[in-house]
2 protein chains.
Amino acid sequence: MSEEIKVQLTTKPGEKPDSNNLSFGKYFTDHMFIMDYHKDKGWYDPRIVPYAPIVIDPAAMVFHYGQAVFEGMKAYLTDSGKVLLFRPDQNMKRLNRSNDRLGIPEVDGEFVIEAIKKLIEVDKSWIPTEKGTSLYVRPFIIATEPCLGVRSSYTYQLMVILSPVGAYYSSGLEPVKINVESSYTRAVRGGIGFAKAAGNYAASIKAQENAKKEGYSQVLWLDAIEKKYIEEVGSMNIFFKIGGKVITPEINGSILEGVTRSSVLTLLQEWGVPVEERKLSIEEIYDAYKEGNLEEVFGTGTAAVISPVGELHWNEHTMEVNNGEIGELSQKLYDTITGLQSGHLQDTRNWTMTF
Amino acid sequence: MSEEIKVQLTTKPGEKPDSNNLSFGKYFTDHMFIMDYHKDKGWYDPRIVPYAPIVIDPAAMVFHYGQAVFEGMKAYLTDSGKVLLFRPDQNMKRLNRSNDRLGIPEVDGEFVIEAIKKLIEVDKSWIPTEKGTSLYVRPFIIATEPCLGVRSSYTYQLMVILSPVGAYYSSGLEPVKINVESSYTRAVRGGIGFAKAAGNYAASIKAQENAKKEGYSQVLWLDAIEKKYIEEVGSMNIFFKIGGKVITPEINGSILEGVTRSSVLTLLQEWGVPVEERKLSIEEIYDAYKEGNLEEVFGTGTAAVISPVGELHWNEHTMEVNNGEIGELSQKLYDTITGLQSGHLQDTRNWTMTF
Ligand SMILES: Cc1ncc(COP(=O)(O)O)c(C=O)c1O
Ligand SMILES: Cc1ncc(COP(=O)(O)O)c(C=O)c1O
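What you are looking at is a predicted structure, and each value in this text was computed from that prediction instead of being measured.

A word on the pattern of salt bridges
Residues and elements named next belong to chain B.
Then comes step 1: Evaluation of the coordinates by the stated rule reveals 36 salt bridges over all chains.
Then comes step 2: Between Lys-117 and Glu-114 there is a salt bridge; the shortest N-O distance is 3.6 Å. Separated by three residues within a single helix, Lys-117 and Glu-114 lie in helix 3 (residues 109-122), roughly one turn from each other.
Then comes step 3: On the basis of relative accessibility, which here comes to 17%, the residue Lys-117 falls in the buried class.
Then comes step 4: A salt bridge links Arg-349 to Glu-270; the nearest nitrogen and oxygen atoms lie 2.8 Å apart.

Structure (structure tokens):
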């Protein structure tokens, strides 16, 4: 795509939120990016416009049949005042994998990255600079055709909105408590679990809220078929350090292939830490725990980067991990990835894009 | 709920479509019903307003996390000029089951039926009268809070839109060809398959479109765990008449509990036809076919009422059913249910609501 991105600036810039009190995805910047799709025209009319409610037919397919996908990444301001994006090409590749599964037309990933860069430039003053804060970038695509037949929509809208977000843990890394979900399931082979599709998250809310009520911050999903193998956490992939080895569930069609997961795997390999991507059952973890071999557990995802797990609850078993403290490896991974993201560590892997 | 439903009539009534060329869910009437929800207020401000695009924040949760459910039923005009709804109480019960699973607040089903009746009265002139046509009623609920945290929304909108729809089969009942889907899956136990949730349909589009390309009108889903047991068709439940007995998959958490399915079960029992609701494998069906015992296959759903299956395709096997013709029982069920819906047959079961 080579169409020029039109820019219409707001005449009423909003007030910026207090960067010490941002929480997640609650505030939005002054502008947004929009691009339309029609099956006879392809993607067209890319434009940056003031952030505002959209006008959409109540029969738009997204409301009825959930044809919607999204991505999530973060932009950081470096000490030299540049904007840094972390592996945005990976998000675009995943967006197109999601699109393919949901019957949504492919996008030109490079063009969308250009659009994101242009949008961030326009709203650059919104990037918070407090340690741990960043500008969350949310590209998403929705089916807009007003029609109640169940099929792929003929029209779509791709939008990008930006949200200044706080440090996931206000006081640095904090171990979380996680509950292994034994009745609800999130996804299954042959389904849409590997796609970042709206419907997957709707399916997860109830279990997530039940866990919250009981004091857990997230749910750890088991596979839907045998209710035995570890899948992933609410919005993170998960890693276990057992007897010196790091194990994470393999990509199997039902879990999301996280960008942070892939970065962690690369780093561990570079550091010479033995890593395995394979099926991993909850019993294996419990056995390791009983033998005193469950050394560290951590989640990986764009929002928290690395999230150490201090306690894992499975049916009647409570497994405390590393005395509820942050593991050495979790800390090192967190420091390295956030170091690369803030521009404090030099990027030797072509992971960052600055502008 | 007892709040009064405000009515604001359109000043620009639309043009009615040709009732011989309606297709499904393409045209909408002049008005719609809207009601808002806020977690501190409950459902409020029920109103009938001119049908128009809605204005909604791009961060509204429905676009990102798919918290959306819907219902579908039909309104018919009887010979005496009354409007007839078929078992709307069943749709409301199911709506609340869907709500519960998706973390959406309960609605007062009776109140929503009142709202639907009032809306249909306002747009009564839109009910088509050609044989087989009707007014499709689509209540749906979407999460409207602008927030990117993954949790239940604090605000929702319930809307009802109306669409004059054509006869599903322009020339009466027509047997369809169906493909048994062997790789994609629709839902699994512990998931949201039993709910009429937007995400389930997004997950089904790709398989559905692949089947269409190969000349099949719908996909027959197998269970996700053993890939063996019959679940349901795209938007229908399914019944098999084998050696004089009628068998349909039992309600198992992953299929939708169809209102038409339940009506068919009741009618068959009343008629003394042996019926079984149980697990049913595709091999059992193929065996019955080979033994010449596969007498009839039909789908049941609001859109088509009864849809005879003339051909079932499973991997390399093609099973022709009843010489590709409409079975006697399928025809009798179709005649009975459409007879009740049009008001031509007397309702002795309290299934219809006229006004
Ligand atoms: C279900 C799910 N799993 C895993 C992840 C982690 O992926 P990433 O590292 O790309 O953020 C996310 C989202 O961010 C997610 O939504
Ligand atoms: C997935 C699915 N199964 C079955 C049905 C049949 O249900 P009902 O008879 O209530 O229309 C529908 C919808 O109408 C459906 O969407």
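Regarding the packing of aromatic side chains
Then comes step 1: Scanning the model with the defined rule gives 25 aromatic pairs over all chains in all.
Then comes step 2: On the basis of an interplanar angle of 25 degrees and a centroid distance of 6.4 Å, the ring pair of Phe140(A) and Phe63(B) is categorised as stacked. You can see Phe140(A) sitting in strand 8 (residues 134-143) and its partner Phe63(B) sitting in helix 1 (residues 61-65), one on each of two chains. Comparing Phe140(A) with Phe63(B), the two get one shared label, buried.
Then comes step 3: Note on Tyr201(A) and Tyr65(B): the rings are 5.6 Å apart at their centroids and 50 degrees apart in plane angle, and the pair reads as tilted. With Tyr201(A) in helix 4 (residues 198-213) and Tyr65(B) in helix 1, the pair connects residues from two separate chains.
Then comes step 4: Residue classification places Tyr201(A) among the buried residues on the basis of a relative accessible area of 6%.
Then comes step 5: An aromatic cluster of three or more residues is present, and its members are Phe63(A), Phe140(A), Phe63(B) and Phe140(B).

Description of the interface of chain A and chain B
Then comes step 1: Facing the 58 residues of chain A at the interface are 58 residues of chain B.
Then comes step 2: Both sides of the chain A and chain B interface together cover about 4900 Å² of buried area, and 63% of this is carbon and sulfur.
Then comes step 3: Taken as a group, Pro58(A), Phe63(A) and Leu148(A) account for 13% of the area that chain A buries against chain B, more than any other trio of residues on that side.
Then comes step 4: In this structure, the connection of chain A to chain B is made through two salt bridges.

Quick word on the domain arrangement of chain A
All names here are of chain A.
Then comes step 1: Here the domain parsing of chain A yields domain 1 (6-166) and domain 2 (176-342).
Then comes step 2: Computed from C-alpha atoms alone, the centre-to-centre distance between domain 1 and domain 2 is 27 Å.
Then comes step 3: Contacts between the two partners involve 21 residues from domain 1 and, on the opposite side, 21 residues from domain 2.
Then comes step 4: Summing both partners gives a buried area of about 1900 Å² for domain 1 against domain 2, and 60% of it is carried by carbon and sulfur.
Then comes step 5: It is Phe-86, Arg-94 and Arg-101 that lose the most area in domain 1 upon contact with domain 2, and together they represent 32% of the buried surface on that side.
Then comes step 6: Linking domain 1 with domain 2 are one salt bridge.
Then comes step 7: Residue Glu-257 is joined to Arg-97 by a salt bridge in which the shortest nitrogen-to-oxygen separation is 3.8 Å.

With respect to the side chain of Ser152(A)
Then comes step 1: Counting through the fold element by element, Ser152(A) comes out in the loop between strand 8 and strand 9 (155-165).
Then comes step 2: At 3.1 Å, the side chain of Ser152(A) forms a polar contact with the backbone oxygen of Gly103(A).
Then comes step 3: Residues within four places of Ser152(A) in sequence aside, it is in contact with Met61(A), Gln67(A), Gly103(A), Glu145(A), Ile205(B) and Glu209(B).

Describing the relation of the copies chain A and chain B
Then comes step 1: Overlaying chain A on chain B yields an RMSD of 0.0 Å, the required transformation being a rotation through 180 degrees with an accompanying axial translation of 0.0 Å. Considering both components of the superposition, the chain copies are consistent with a two-fold axis. Taking the C-alpha atom as reference, chain A places Gly199(A) closest to the rotation axis, 2.0 Å from it.
Then comes step 2: A share of 100% of interface residues in chain A that are also interface residues in chain B marks the association as one of identical surfaces.

Reading the values: rules and limits
- Residues numbered from 1 in each chain as written.
- Chains lettered and ligands numbered in written order.
- Predicted model: local features only at pLDDT ≥ 70, side-chain atom pairs only at ≥ 80, totals over all residues.
- Heavy atoms only, no water.
- Salt bridge = Lys/Arg side-chain N within 4 Å of Asp/Glu carboxyl O.
- Helix = DSSP H or I, 4+ residues; strand = E, 2+ residues; numbered from the N terminus.
- Buried < 20%, exposed > 50% of the residue type's maximum accessible area, 1.4 Å probe, protein only.
- Phe/Tyr/Trp six-rings, centres within 6.5 Å; stacked < 30°, edge-to-face > 60°.
- Contact = heavy atoms within 4.5 Å.
- Buried area = accessible area lost by both parts, 1.4 Å probe.
- Domains from an automatic or database assignment.
- Polar contact = N/O pair within 3.5 Å; in protein donor to acceptor, adjacent residues only side chain to side chain.
- Least-squares fit on C-alpha atoms with pLDDT ≥ 70 in both.

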